[in-house]
Amino acid sequence: MKSTPALLFASTLLLSSPAWAEAPNVVVSIKPIHSLVASIMQGVGEPALIVEGGASPHTYSMKPSNAAALQAANVVFWVGHGFEAFLDKPLDALGSGAKVVELGEAPGIEKLKFREGGAFEAHNDEHEEGHGAGAHEAEEAGHENHAAEAGEHGHDHAEGEFDMHMWLDPMNAKAMAAEIEKTLSEADPANAAAYKANLEKFNARIDALDKRLAETVAPVRDKPFVVFHDAYQYFEHRYKVRVAGSITVSPEVLPGAERLSEIHAKIEELGATCVFAEPQFEPKLISVVIEGTPAKSGTLDPEAASLEPGPDLYFQLMENIGTSLKECLSSAS
């Protein structure tokens with residue numbers, strides 16, 4: 001059959017169109033961010049996840065399947081430089097054809113600076129005056145630059161000065177979701193109305209979650225506790241709970257005997273009631289630091305290692321943190 005100019009024009013238009021027949025190929029770095037993207041894409045498509053199962057982004061190594069997914073991606077979402085370090089080079093090498101979105105830079109994100117070493121002692125005395133006996137030293141210390149002690153504790157945040165666990169404040173999750181919706185609507189205008197409607201539903205769920213979390217932790221806000229690694233200051237900042245310190249600044253660097261002794265002393269000094277492990281890392285360290293103290297142990301999972309990916313994961317993650325804090329701190333003497 002002879003091609004007409006109209007048919008040729010239509011064929012050229014289809015070949016050059018930036019829109020996709022169903023949805024763009026979307027790849028996401030880690031589970032909490034994947035959950036936000038999956039929420040916005042509900043009913044349109046499913047994003048691919050790089051760090052699956054119980055793997056940690058702090059120690060992750062790229063697989064050939066991850067490289068293939070990046071190569072085929074139209075859009076890639078990640079937290080950004082300074083968190084998923086394993087993605088820095090692959091994104092440069094493999095993701096050049098995709099729209100790469102660093103959600104840690106989304107408009108409206110509240111950023112907190114890295115704080116001092118694992119026990120957060122450097123600024124506790126400095127801020128104690130004027131805050132009274134119930135002061136939240138850890139929250140105050142979270143706004144200080146950690147650079148002076150980075151070398152001492154073996155973790156140099158050379159990529160940037162901000163803590164990258166930003167999703168642990170639901171208001172930051174909202175800001176990320178807005179950027180996700182904007183990016184997807186621009187990449188896939190045919191489904192823009194669906195993305196917008198999903199964002200509105202997501203925001204309503206976040207507001208309800210935020211209220212529940214505040215109510216959950218309210219009875220235990222003044223009880224100090226210790227965490228495995230310093231990942232929780234956004235949760236602390238939002239809900240005013242009292243973290244007395246962490247066993248390690250970064251999970252890539254396991255603590256030595258001196259650090260464990262320091263944390264043990266900190267638990268006794270502050271009367272910390274709970275020490276929280278994380279599912280990906282060595283739980284025996286928790287037993288070491290609480291031995292001989294009245295402190296109990298619990299588990300927190302800031303990167304959702306134990307949860308199934310999907311739109312509901314983020315909400316389960318945050319609810320689990322709130323519930324774990326309440327249960328352990330309430331049961332401790």
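Residues numbered from 1 in each chain as written. Predicted model: local features only at pLDDT ≥ 70, side-chain atom pairs only at ≥ 80, totals over all residues. Heavy atoms only, no water.

Enquirer: What should I look at first to understand the sheet that holds strand β2 (residues 48-49) in this one?
Expert: Sheet strands pair via backbone hydrogen bonds, and the direction of the pair is either parallel or antiparallel. The strand order β2-β1-β3-β4 describes an open sheet built from four strands, whose pairing is parallel. Here the strands that pair on one side only, and so sit at the sheet edges, are β2 and β4 (99-102). Here strand β1 (residues 26-28) pairs with strand β3 (residues 75-78) via three bridges, running parallel. Pairing of Val26 across the sheet is with Val75, part of β3. Contacting β1, β3 and β4, helix α8 (residues 170-187) crosses the sheet at an angle of about 175° to β3. (Pairing = 2+ DSSP bridges. Helix = DSSP H or I, 4+ residues; strand = E, 2+ residues; numbered from the N terminus. Contact = heavy atoms within 4.5 Å. Axes fitted to C-alpha atoms, helices over the stretch in contact; angles between N-to-C directions.)

Enquirer: Can you walk me through the sheet that holds strand β5 (residues 224-229) in this structure?
Expert: Strands sit in the order β6-β5-β7-β8 across an open sheet of four strands; the sheet is parallel. Looking at strand neighbours, the two that pair on one side only are β6 (242-248) and β8 (296-299), the edges of this open sheet. Within this sheet the neighbouring strands show an average axis-to-axis angle of 30°, counted without direction.

Enquirer: Looking at this structure, how should I read the packing of aromatic side chains?
Expert: Within a pair of aromatic rings, the relevant descriptors are the distance that separates the centres and the angle that separates the planes. By the definition in use, this model includes six aromatic pairs. Aromatic pair Phe225 and Phe276: ring centres 5.6 Å apart, planes at 90°, arrangement edge-to-face. Of this pair, Phe225 sits in strand β5 while Phe276 sits in strand β7 (residues 274-277); the two residues are 51 residues apart in sequence, bridging distant segments of the chain. You can call Phe225 buried: its relative accessible area is 2%. Members of the aromatic cluster, each reached through a chain of ring pairs, are Phe202, Tyr314 and Phe315. Lying over the aromatic face of Phe315, Arg205 brings its terminal NZ or CZ to 3.9 Å of the ring centre. (Phe/Tyr/Trp six-rings, centres within 6.5 Å; stacked < 30°, edge-to-face > 60°. Buried < 20%, exposed > 50% of the residue type's maximum accessible area, 1.4 Å probe, protein only. Lys NZ or Arg CZ within 6 Å of the ring centre and 35° of its normal.)

Enquirer: What is the right way to look at the side chain of Asp301 in this model?
Expert: Of note, Asp301 is situated in the loop between β8 and α13 (313-331). For the buried Asp301, no salt bridge is present, and the opposite-charge side chain at shortest range is Lys31, 6.8 Å distant. Apart from the residues within four sequence positions on either side, Asp301 is in contact with Tyr232, Pro279, Gln280, Ser306, Leu307 and Leu317. (Lys, Arg positive; Asp, Glu negative; His and termini not counted. Salt bridge = Lys/Arg side-chain N within 4 Å of Asp/Glu carboxyl O.)

Enquirer: Quick question: what am I supposed to make of empty space enclosed by the protein here?
Expert: The probe, sized like a water molecule, is rolled over the atoms to show the empty space still left. The tally for this structure, following the rule as stated, stands at three cavities of 30 Å³ or more. The calculated volume of the second largest cavity comes to roughly 50 Å³. Every residue lining the second largest cavity is listed: Ile30, Lys31, Pro32, Val51, Glu52, Gly53, Ala55, Pro57, Glu303 and Ala305. Across the lining of the second largest cavity, the residue classes break down as six nonpolar, one polar and three charged. (1 Å grid on protein atoms, 1.4 Å probe; cavity = no way out; pocket = protein on both sides within 12 Å on 5 of 7 lines; lining within 4 Å. Points joined across faces, edges and corners; volume = space filled by probe spheres on them. Nonpolar A, V, L, I, M, F, W, Y, C, P; charged D, E, K, R; others polar.)

Enquirer: How do you make sense of the state of the cysteines when you look at a structure like this?
Expert: Working definition: the covalent bond between the sulfur atoms of two cysteines is a disulfide. Taken as a whole, this structure holds one disulfide when the rule is applied. Note on cysteine connectivity: Cys274 is disulfide-linked to Cys328, with sulfurs 2.0 Å apart. Here the S-S torsion is close to -110°, and the disulfide linking Cys274 with Cys328 is therefore left-handed. In this pair, Cys274 is assigned in strand β7 and Cys328 in helix α13, connecting sequence segments 54 residues apart. The class for Cys328 is buried, based on a relative accessible area of 9%. (Disulfide = S-S within 2.5 Å.)

Enquirer: What exactly am I supposed to notice about the pattern of salt bridges here?
Expert: Two side chains of opposite charge can pair, provided their charged atoms sit close to one another. Across all of its chains, the model carries seven salt bridges by this definition. One salt bridge in this structure joins Lys113 and Glu161, with 3.6 Å as the shortest N-O distance. Placement of the pair is Lys113 in the loop between β4 and α5 (121-128) and Glu161 in the loop between α7 (147-150) and α8, with a sequence separation of 48 residues. Note that Glu186 is salt-bridged to Lys182, the shortest N-O span being 3.3 Å. In this pair, Glu186 and Lys182 are both assigned in helix α8, four residues apart and thus about one turn of the helix distant.

Enquirer: How should the environment of Val243 be read in this particular structure?
Expert: Here Val243 is to be found in strand β6. Spatially, the C-alpha atom of Val243 lies 7.3 Å from that of Val227, the residues being 16 residues apart in sequence.

Enquirer: Looking at this structure, how should I read the confidence of the model for the protein chain?
Expert: One rule of thumb: low pLDDT means the predicted coordinates there are not for detailed reading. For the protein chain, the mean per-residue pLDDT works out to 80, and 77% of the residues sit at or above 70. Confidence drops under pLDDT 50 across residues 1-20; counting only partners more than four residues distant or on other chains, this segment forms seven contacts. Throughout residues 120-159 the model reports pLDDT below 50, and contacts reaching past four residues in sequence, or to other chains, amount to 74 contacts. (pLDDT = per-residue confidence, 0-100.)

Enquirer: I tried to follow unusual backbone geometry on my own but got confused; where do I start?
Expert: Outside of glycine, negative phi angles account for most residues, and trans bonds account for most peptide bonds. One non-glycine residue, Lys240, lies in positive phi territory at about 60°. Mapped onto the elements, Lys240 comes out in the loop between α10 (233-239) and β6. The class for Lys240 is partly exposed, based on a relative accessible area of 26%. One non-glycine residue, Ala304, lies in the positive phi region at around 60°. Mapped onto the secondary structure, Ala304 falls in the loop between β8 and α13.

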